[in-house]
Structure formats: C-alpha cells, structure tokens
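Now for the letters of each chain:
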Amino acid sequence: NTEFFKQVILIFLFLISSRILILSWSESFKSKIIPKIENKLDEINYDFKIDLSKVVLEKTFDILKENNLIKNINDLDAIPNKEKFVDILISGKLPEEREFKLELDNIQTKYIHEKIQMNSKSFTLNKFLAIFGNKNISVTAKSISSSSSKSESTSPKNIEILNQLF
C-alpha cells in the first residue's frame, strides 16, 4: 500500500517537473519571466545602472574638464581622474564618499542629472549627489529640486556645453 503511494507521488512529481520544464522553454516565459528575473538581479548587483558606453562617458569627462566644470572633491587642485569617473558610472556602485565637484549651479546640476537619468535605471538625484557635488557646498536633492522648480521657464546657463554631455 505504501509502495503504491510512493509510485503515485513519484509520477505526480515527474508530471509537475515536466510541466515546469516545458513552460521554461516557452516564448511567453522568455518574454515575460526572464526580464523580471534580470531586473531583480540588476537591482541586487548595482546601486544604479547607466546605459552609456565607456566612450560616451570619457567624452563627457573630457568636455567637463576642458570647460573647467569638474574637480576632485577632496583635492580641488588635483587633476580629476577620468578612469575613476568612468569606472564609478559603469560599475553602478556608489563611492563611500563624493568623488567629484561639478562647477555648476543647482539648475545646471538638475539638468545634467535629468540627461543621465534618460539612460539609466534607478539613478536618483540622491545617488547622483553621492558621486557629484556642485558649487553649492551643502547641496541636497531638495535644494536642487527647489531651485529648478523656481526657474522652470528658463534654460540653464551654458546649455550649449551641457547639451554636449551624455
């Protein structure tokens, strides 16, 4: 009698596992479930994800440097490190402390963040500010949002340069 139940359970488990295998090879599984799993894995592995190439990020750094718009936050006299800039943005890992100071006001900073955010996943203004400071010594997401909402009708200063970035 118990032998019969063991066989029934084994057959039942075989049927269920076969059905799961068949489902996992279906197109609907590939198009619906796999992307959800990939997104969850991305969230675990990254603080943020930016879909910009190394070449674009290097070009952006070069433009910022040529226009004296980027400095090291801890040593303002040192030459900013392009490799560190690119590595932080490609790796998706936030540094332990701010690395760079952008010589931009709050409105320009918000504009740049929005340009990056168009090519990213979960790159919030707070995460942006964990990497970049600006002219405002005690910059916060709230101060940037407040400044930019007050001047929504005007374009940021140096918009021609800012549009070349990212």
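Computed from a predicted structure; not experimentally measured.

Asks: Just to check I follow, could you spell out the packing of helix 3 (residues 54-66) against helix 4 (residues 82-91) for this structure?
Replies: Packed helices, taken two at a time, are described by their axes: the angle between them and the distance between them. At a minimum axis separation of 10 Å, helix 3 and helix 4 run at an interaxial angle of 135°. Between helix 3 and helix 4, the angle falls in the class oblique. Note that helix 3 runs across helix 4; the crossing there is right-handed. On the side of helix 3, the interface is formed by K54, L57, E58, T60, F61, D62 and L64, while helix 4 contributes K82, F85, V86, L89 and I90. Residue classes in the contact of helix 3 with helix 4 are distributed as seven nonpolar, one polar and four charged.

Asks: I would appreciate a short explanation of the packing of aromatic side chains in the present structure.
Replies: For any pair of aromatic rings, geometry is given as the distance between the ring centres together with the angle between the planes. Applying the stated criterion to the full structure yields eight aromatic pairs. When the centroid spacing of 5.8 Å and the interplanar angle of 75° are considered together, the rings of F85 and F100 count as edge-to-face. On the criterion of sequence distance, the pair formed by F85 in helix 4 and F100 in strand 3 (residues 100-102) is long-range, its members being 15 residues apart. Ring pairs connect the aromatic residues F48, F61, F85, F100, F123, F128 and F132, which therefore count as one cluster.

Asks: I keep staring at helix 4 and nothing clicks. Help me out?
Replies: The α-helix advances 3.6 residues per turn, and as a result positions three or four apart in sequence lie on the same side. Along helix 4, the positions that sit buried rather than exposed are F85, V86, I88 and L89. Looking down the long axis of helix 4, one finds its buried residues gathered within 165° of arc, a one-sided arrangement. A distance of 2.8 Å separates the backbone nitrogen of E83 from a side-chain oxygen at the start of helix 4, and that oxygen is part of N81. Note on helix 4: the residue one or two positions beyond its end, G92, has a positive phi of about 80°.

The rules we used
- Residues numbered from 1 in each chain as written.
- Predicted model: local features only at pLDDT ≥ 70, side-chain atom pairs only at ≥ 80, totals over all residues.
- Heavy atoms only, no water.
- Axes fitted to C-alpha atoms, helices over the stretch in contact; angles between N-to-C directions.
- Helix = DSSP H or I, 4+ residues; strand = E, 2+ residues; numbered from the N terminus.
- Parallel < 35°, antiparallel > 145°, perpendicular 65-115°, else oblique.
- Left-handed = near helix turned anticlockwise from the far one by under 90°.
- Contact = heavy atoms within 4.5 Å.
- Nonpolar A, V, L, I, M, F, W, Y, C, P; charged D, E, K, R; others polar.
- Phe/Tyr/Trp six-rings, centres within 6.5 Å; stacked < 30°, edge-to-face > 60°.
- Buried < 20%, exposed > 50% of the residue type's maximum accessible area, 1.4 Å probe, protein only.
- Arc of directions from axis to C-beta.
- Polar contact = N/O pair within 3.5 Å; in protein donor to acceptor, adjacent residues only side chain to side chain.

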